[in-house]
Amino acid sequence: MSEMIATRVAFGQALAEFGDNPDIFVLDADLACCTMSMYFRDKYPQRFFNIGIAEGNMVGVAAGIATTGKNVFACSFAMFSAGRAWERVRNSVAYPRLNVKIVGTHGGISVGEDGPTHQAIEDIAIMRAIPNMIVVCPSDAVETREAVRALIDYKGPAYLRLGRGPAEIINNVPGYRFDLFKGFVCRPGSDIAIISTGLMVQESIKASKLLEKNGISAEVVNLHTIKPLDRELILQAAQDKLLIVTVEEHNIIGGLGGAVAELLSGERPTRIMRLGMQDEFASSGKAADLLKRFSLDAEGIAASILKVLTEPAIRKMHLTRDGKEAF
């Protein structure tokens, strides 16, 4: 079993690691022990401010500090930083292009027992809709660390989405290189392409191995930055593929799947299946149970793909040259 570290923990550790720059300030809405900004607080208390349970005010303060040339990270749960504070993010941060990074931890249904009120499944969509805002959702601790480093260097508004529970480390491999604006292929394949973000990358890799046992070669693309999209990589993934599958721990409306569909519909029309929350709320429960219930675990992802691939129209599209079905 690979090492398991929550991306929110990796975020806090990275912020403390790279926080020696005196221009970096961190704000939190009374959740430092949960967002893990406490690592920065304990190391650089003079540049940390607990604004209290007032997320809109936190973003306003962050914007004010940023006008003095500082680089500000404003942290809370995704439901609050992207939801409750949305108008302040739009008008006080994104509109004037201030150097504020909005950090939303506890994203998706893997928040688990906290239930639907705290399971942010709309945050990517509403942050992606804001002009000037970039949206980043790393898959593991390695990627989170590099994302924090990159966002410190990036000048402008950004939204960083993180998870609550431990995530398997998958990017500690030779040749791994993080580029803020470029996704990458973490598993090659020729029949279909699975495009994932966040925790769903791990599940998609496992699903691709299950599909391989059924004779299906599935490419897995890690799209850690959802806005702006890596257009070249997505168009390349769609080339000559039978099916594009997007997988996200988010409502399929407006999230990763929506972004990919928007691109391909205009430039390379391709059959797309969007896996995620099907415009519904989840419930309180253990993270693993919820992922299974909504078919967002490896087995569920593989089963959903296999079901679509049995459709007559799909099978007809992919005959081998000698007239036999490819799978």
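Structural data are supplied above this passage.
Residues numbered from 1 in each chain as written. Predicted model: local features only at pLDDT ≥ 70, side-chain atom pairs only at ≥ 80, totals over all residues. Heavy atoms only, no water.

Moving on, we get to the packing of helix α10 (residues 231-238) against helix α11 (residues 256-267). Here α10 crosses α11 at 70°, and the two axes come no closer than 11 Å. Between α10 and α11, the crossing angle belongs to the class labelled roughly perpendicular. The hand of the α10/α11 crossing is right-handed. On α11, the residues that touch R231, I234, L235 and A238 of α10 are V260, L263, L264 and E267. The class makeup of the residues in the contact of α10 with α11 is six nonpolar, no polar and two charged. (Axes fitted to C-alpha atoms, helices over the stretch in contact; angles between N-to-C directions. Helix = DSSP H or I, 4+ residues; strand = E, 2+ residues; numbered from the N terminus. Parallel < 35°, antiparallel > 145°, perpendicular 65-115°, else oblique. Left-handed = near helix turned anticlockwise from the far one by under 90°. Contact = heavy atoms within 4.5 Å. Nonpolar A, V, L, I, M, F, W, Y, C, P; charged D, E, K, R; others polar.)

The subject of this paragraph is the packing of aromatic side chains. Here the structure, examined in full by the defined rule, presents six aromatic pairs. Their ring planes at 45° and their centres at 6.5 Å tell us that F11 and F73 sit as a pair that is tilted. Here the residue F11 occupies a position in helix α1 (residues 7-17), and F73 occupies one in strand β4 (residues 71-77), the gap between them amounting to 62 residues. A ring pair is formed by F25 and F49, whose centres lie 6.4 Å apart and whose planes are at 0°; its orientation type is stacked. Note that F25 is positioned in strand β2 (residues 24-28) and F49 in strand β3 (residues 48-50), a separation of 24 residues in sequence. Residue class for F49 comes out partly exposed when judged on its relative accessible area of 38%. (Phe/Tyr/Trp six-rings, centres within 6.5 Å; stacked < 30°, edge-to-face > 60°. Buried < 20%, exposed > 50% of the residue type's maximum accessible area, 1.4 Å probe, protein only.)

As a further point, take the pattern of salt bridges. For the coordinates displayed, the defined rule picks out 17 salt bridges. With a shortest N-O distance of 3.2 Å, K70 and D23 are connected by a salt bridge. Of the two residues, K70 sits in the loop between α4 (55-66) and β4 while D23 sits in the loop between α1 and β2, which places them 47 residues apart along the sequence. Residue classification places K70 among the partly exposed positions, given a relative accessible area of 24%. Residue class for D23 comes out partly exposed when judged on its relative accessible area of 33%. R164 serves as the salt-bridge partner of D114, at 3.6 Å between the closest nitrogen and oxygen. With D114 in the loop between β5 (100-105) and α7 (123-128) and R164 in the loop between β7 (158-161) and β8 (166-168), this pair connects stretches of sequence that are 50 residues apart. (Salt bridge = Lys/Arg side-chain N within 4 Å of Asp/Glu carboxyl O.)

Next up on the list: helix α8 (residues 141-153). Here α8 is 13 residues long and its end C-alpha atoms lie 19 Å apart, about the 18 Å a rise of 1.5 Å per residue gives. Where α8 begins, the side chain of D140 points an oxygen toward the backbone nitrogen of V142, at a separation of 3.3 Å. (Expected span 1.5 Å × (residues − 1). Polar contact = N/O pair within 3.5 Å; in protein donor to acceptor, adjacent residues only side chain to side chain.)

Applying the stated rule across the entire model yields zero disulfides. In this structure C33 is a free cysteine whose sulfur lies 3.9 Å from that of C34, the closest cysteine sulfur available. Unpaired in terms of disulfides, C75 finds its nearest cysteine sulfur in C34, a separation of 12 Å. (Disulfide = S-S within 2.5 Å.)

Moving on to unusual backbone geometry. Of note, the bond from K227 into P228 is cis; its omega dihedral lies within 30 degrees of zero at 0°. Mapping P228 onto the fold places it in the loop between β12 (225-227) and α10. Here the phi dihedral of D240 falls at roughly 65°; this positive angle occurs in a residue that is not glycine. Turning to its location among the elements, D240 is positioned in the loop between α10 and β13 (243-251).

The next point concerns the layout of surface pockets. Quantified by volume, the largest pocket comes out at close to 430 Å³. In terms of lining residues, the largest pocket is bounded by 28 residues, among which S110, P166, A167, L199 and L291 are the most central. Those elements that provide at least two residues to the lining of the largest pocket are β8, α9 (200-212) and α12 (287-293). Partitioned by chemical class, the residues of the lining of the largest pocket number twelve nonpolar, nine polar and seven charged. Put simply, the second largest pocket is a space of about 180 Å³. Contributing to the lining of the second largest pocket are E168, I170, N171, V173, Y176, F184, C186, Q202, I205, K206 and K209. If you list the elements that add at least two residues to the lining of the second largest pocket, you get β9 (184-187) and α9. Examining the composition of the lining of the second largest pocket, we find that four residues originate from one element, α9, more than from any other. For the lining of the second largest pocket, the residue count by class is six nonpolar, two polar and three charged. (1 Å grid on protein atoms, 1.4 Å probe; cavity = no way out; pocket = protein on both sides within 12 Å on 5 of 7 lines; lining within 4 Å. Points joined across faces, edges and corners; volume = space filled by probe spheres on them.)

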